[in-house]
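Remarks on the overall topology
One-letter residues, chain by chain:
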Amino acid sequence: MVKLRRRFLFKVIRVSAKRLCLVILLLVIGCQQAGIGANNPTLRTNEAIAEAELDKQLKINRDALLKGTSEQMRIDAATVMLFSENPLAREILLDVLKQTENSAARVAVCKALSQTRTAKEPVKNKNDFIQPLLEILTTEEDFDRAKLAAEATLIFEYEQIQQRLEKIVTDTSLSAKARLNAIYALKLQPAKEAILKLMDLLDDSEKQIADAAEKALISLNIPVGEDAGSRRQIRDEFNRMGKDEFLRVWKIRQQQEKRMRELVIQLNLWKGKYLSALGKRYDAISDDADKGKFLAEHLGDSETDVRLWALGKVSQWRIGTTPKSKMPTELGPILVGLISDQDRSVRLKTAKLLSLMEELNSAEKLLEQIKTEQDDEVKMELFVALGRACYYAFSPTSGIKVPKEIRKQTLEWAAKYLSEKEPKKVQKGAEVIKKLLEQDGLTSGDVDKYLGLLAERYNQQKKEADGTLRGELLGAMAGLCAQSVYKAESAKRFAALFEEALRDETDLVREAAVSGLVYIDKAKAIKILRDFVKDNSEIVRKKIIELAGEVGNQDDLVWMREKIGLTTEGEPAWQAMLKIFKRSEAAVLAEWIDKFDSPTPNTKGKLSDEQKVSFLEMAERKAAGENKLKMLKNIRRKLADLYKKSGDFEKAAKYLGMTLKDARTAEQKEPILADLMDVYLRWPNVKSAKDLVANCLLEKDLDPNGAVVGVIDNYLSNPPAGTDPKAVLKALTQINTSSERPKWLEQVKLWAGRLGRAKESDKPEEGGN
């Protein structure tokens, strides 16, 4: 072991003293246990690196890299292998960079490569790592991990990676993420050519790429120019620079950037303190009118952050407003005015807030701003707010008067959004069309036009694999069939689409289709939907169950019974069955009493005792109402048994009493009397038990082998917890009987003797403790 450690120390002499201590610790741990972090993901290394070819030391390093329990352990292992003379160590590192299963190991190699920039000796043959690192830029979805690969490329001169890196950043066939990763790598390179390439990207056709290039240049404190002429001038200035001059300028700009970052940190610190102080002042105000004045003042502040703070407080107030606490009306015009604020963030936040405040008369201003708004996200939020403002303005209870032309133009904007490629925009367009078509006031031509646009856009989406947008569009169409002045027109237009959509692979689409059919005609819908009671979507299944409860018949009882006992659908199915039973005749319930009594092969269809009681109570009312006496006797006996089982002895006694009245012969009465006695004793209700025996003795002597005596005997032999057998026996002995009841008198003596002996046996022996 000592020799192994010494040999290992000579091989890693290049690493720093601090890292060397960690590596030695790593080796000790590796030698003490087989496999480090055995539960962590392992790497599928190249099959050519056979286990047998790895020496013991390299195996330890490899396992530490792949399975190390801390990031520093993995980085140390990667560093040792970077400087190893063993070619297999290099192959392991390259394999780690090429695979995606073990991201922790991949990160460690990238960080180890970056740290070699300050090493005393360079890594040999470092060009081996160019291609794997650049491949990470093109394939890594996680930007933070891609950044590490980009930072690792700084170990190369820019000329070594220029051609391949610039190819990535200009390749339009690659994903936007891959190109953005490459832009970050370009930003890091202290090379004039990298800056020039970023300048070229300012004119890229993809806005996301152009914006990222602009931000990268600005972060380097490099001007981007206002127009093509100024950009050409800046580019020419950089072209004239030699390498030394550029590096000097680069260094100065990096120092400026660092100073700017420090100033921004300080600015944000003081900004935070100021806004915190504002918040305390605001919270200290108790009067709503004064709060409104305070917010109105700060909504008009010259500082963007203050206006955003005030908008946030208005939003909180709006969401938390109760009838007793309403915002002052003077805030309305100020908020509407902020729609055209010079700052994008203020406009965006205002638009989102106004979508919650439909009662403000903002439709005209919103429409005006949409026409001039350049920011795509802000424009969409303004559109959403406009749709809701129009909906409110044209509602019957609104006191706001808005020209019909504004609604007409809002619908035109909705049609534009509906035709967009971006799903979110399409969904917003459909939502506004749905809202505005719920209200009266449109011509039949306009109604037909916009219903047709919805159907047309839905049909276009049928070609798409992702059905989410199809589901949202169909949901809007279903909503129009639910609550709209034009419900009949909507039903006529969309009914066939709903029925067709029941076979769509996307759950959301089928769920919307079911809703649409239900909204149109429930009775017709249940006939169609019986074929879909086993749909993969739980929402679909529950909707059909609910519908069956509303309009279903006896046919639906059969398939719903199969769902009883299921975790999520069992209770809704049972409640739906009860609704059907409630509107059925007594004969139907009588038939189902027998069906529920039939054993089932599993828990499906098996009622709980509570469900049985609720069903039988309903059946009892039906039977009594239709004078079904035989059915009534059967139900009451079953209810008595269920109440006895559940411990509700009062109700059990009530139903046994009813059953006893219906009994005609002694043979019919005897088992009922025995059950009634058992209930009285378990309740316990000693008086009722005594009266029952007394009444029996009035008719005849009680045989020791009779059912009633048997129940009492079992009770006295093994009384339930919480009952007092002595009190029962005392009550029984107090019954006045004549000498003509010798069997009963003898039985009472036997019980008294038995309890007396039991009492004697419970006493402690003399001299005992």
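Described below are features of the structure shown in this document.

About the thresholds
Residues numbered from 1 in each chain as written. Predicted model: local features only at pLDDT ≥ 70, side-chain atom pairs only at ≥ 80, totals over all residues. Heavy atoms only, no water. Helix = DSSP H or I, 4+ residues; strand = E, 2+ residues; numbered from the N terminus. Buried < 20%, exposed > 50% of the residue type's maximum accessible area, 1.4 Å probe, protein only. Contact = heavy atoms within 4.5 Å. Areas by Shrake-Rupley, 256 points an atom, 1.4 Å probe, with all protein chains shown as cover. Core = buried A, V, L, I, M, F, W, Y, C linked by side-chain atoms within 4.5 Å. Lys, Arg positive; Asp, Glu negative; His and termini not counted. Salt bridge = Lys/Arg side-chain N within 4 Å of Asp/Glu carboxyl O. 1 Å grid on protein atoms, 1.4 Å probe; cavity = no way out; pocket = protein on both sides within 12 Å on 5 of 7 lines; lining within 4 Å. Points joined across faces, edges and corners; volume = space filled by probe spheres on them. Nonpolar A, V, L, I, M, F, W, Y, C, P; charged D, E, K, R; others polar. Phe/Tyr/Trp six-rings, centres within 6.5 Å; stacked < 30°, edge-to-face > 60°. Lys NZ or Arg CZ within 6 Å of the ring centre and 35° of its normal. Axes fitted to C-alpha atoms, helices over the stretch in contact; angles between N-to-C directions. Left-handed = near helix turned anticlockwise from the far one by under 90°.

Of the regular secondary structure elements, the protein chain holds 39 helices and zero strands. Taking all 769 residues of the protein chain together, the buried fraction comes to 45%. Long-range contacts, defined here as pairs at least 24 residues apart, represent 63% of the contacts in the protein chain between residues at least 6 apart. With an accessible surface of roughly 41,400 Å², the protein chain has 50% of that area assigned to carbon and sulfur atoms.

Peptide bonds are trans in most cases, and residues, glycine excluded, mostly fall at negative phi. Residues Trp 683 and Pro 684 are joined by a peptide bond in cis, for which omega reads -5°. Mapped onto the elements of the fold, Pro 684 is located in the loop between helix 35 (666-682) and helix 36 (686-699). Positive phi values are uncommon outside glycine, yet Asn 125 reaches one of about 50°. Of note, Asn 125 is situated in the loop between helix 6 (103-115) and helix 7 (130-139). Positive phi values are uncommon outside glycine, yet Asn 627 reaches one of about 60°. With respect to the secondary-structure elements, Asn 627 resides in the loop between helix 32 (609-625) and helix 33 (629-646).

Core analysis: the biggest nonpolar cluster contains 156 residues, and Phe 494, Leu 529, Phe 581, Ile 712 and Trp 744 have the highest contact counts within it. Those residues within four positions of Ile 712 in sequence are excluded, and the remaining contacts are Met 677, Leu 681, Val 693, Leu 732, Trp 744 and Trp 751.

Along the chain, Glu 511 falls in helix 26 (residues 507-520). It turns out Glu 511 is buried and unbridged, and the closest side chain with the opposite charge, Arg 510, is 6.2 Å from it. With residues near it in sequence (within four places) discarded, Glu 511 still touches Ser 537, Ile 539, Val 540 and Lys 543.

Okay, empty space enclosed by the protein next. A complete count under the given rule lists one cavity of 30 Å³ or more for this structure. Volume-wise, the largest cavity comes out at about 50 Å³. For the lining of the largest cavity, the secondary structure elements donating two or more residues are helix 6 and helix 8 (143-152). Broken down by element, the residue count for the lining of the largest cavity peaks at four residues, all from helix 6. Considered class by class, the residues forming the lining of the largest cavity number four nonpolar, one polar and three charged.

Aromatic ring pairs are reported here in terms of the distance separating the ring centres and the angle at which the planes meet. All chains considered together, the criterion is met by 16 aromatic pairs. One aromatic cluster in this structure is built from Trp 574, Phe 581, Trp 592, Phe 596 and Phe 615. For the cation-ring pair, Lys 416 lies above Trp 413, with the distance from its terminal atom to the ring centre recorded as 4.1 Å. In this arrangement the basic side chain of Lys 435 is found over the ring face of Tyr 391, its NZ or CZ atom lying 4.0 Å from the centre.

On to the pattern of salt bridges, then. Evaluation of the coordinates by the stated rule reveals 46 salt bridges. Glu 85 is the salt-bridge partner of Lys 124, the closest N and O atoms lying 3.6 Å from each other. Of this pair, Lys 124 sits in the loop between helix 6 and helix 7 while Glu 85 is found in the loop between helix 4 (71-82) and helix 5 (87-98), placing the two residues 39 residues apart along the sequence. Considered together, Lys 124 and Glu 85 belong to a single accessibility category, that of exposed residues. Put simply, Asp 375 and Arg 344 hold a salt bridge, and the shortest N to O gap is 2.6 Å.

Turning next to the side chain of Thr 659. Inspection of the secondary structure assignment puts Thr 659 in helix 34 (residues 649-662). Those residues within four positions of Thr 659 in sequence are excluded, and the remaining contacts are Arg 636, Arg 637 and Ile 672.

Regarding helix 7, the residues found buried are Ile 130, Pro 132, Leu 133, Leu 134, Ile 136 and Leu 137. The secondary structure elements touched by the buried residues of helix 7 are helix 5, helix 6, helix 8, helix 9 (158-170) and helix 10 (176-188).

Quick look at the packing of helix 15 (residues 288-299) against helix 16 (residues 304-320) now. In the contact formed by helix 15 and helix 16, the axes pass within 8 Å of each other and the chain directions differ by 145°. At the point where helix 15 passes helix 16, the crossing takes the left-handed sense. Contacts between helix 15 and helix 16 involve Asp 288, Lys 291, Gly 292, Phe 294, Leu 295, His 298 and Leu 299 on the former and, on the latter, Val 306, Arg 307, Trp 309, Ala 310, Leu 311, Lys 313, Val 314 and Trp 317. Across the contact of helix 15 with helix 16, the residue classes break down as nine nonpolar, two polar and four charged.

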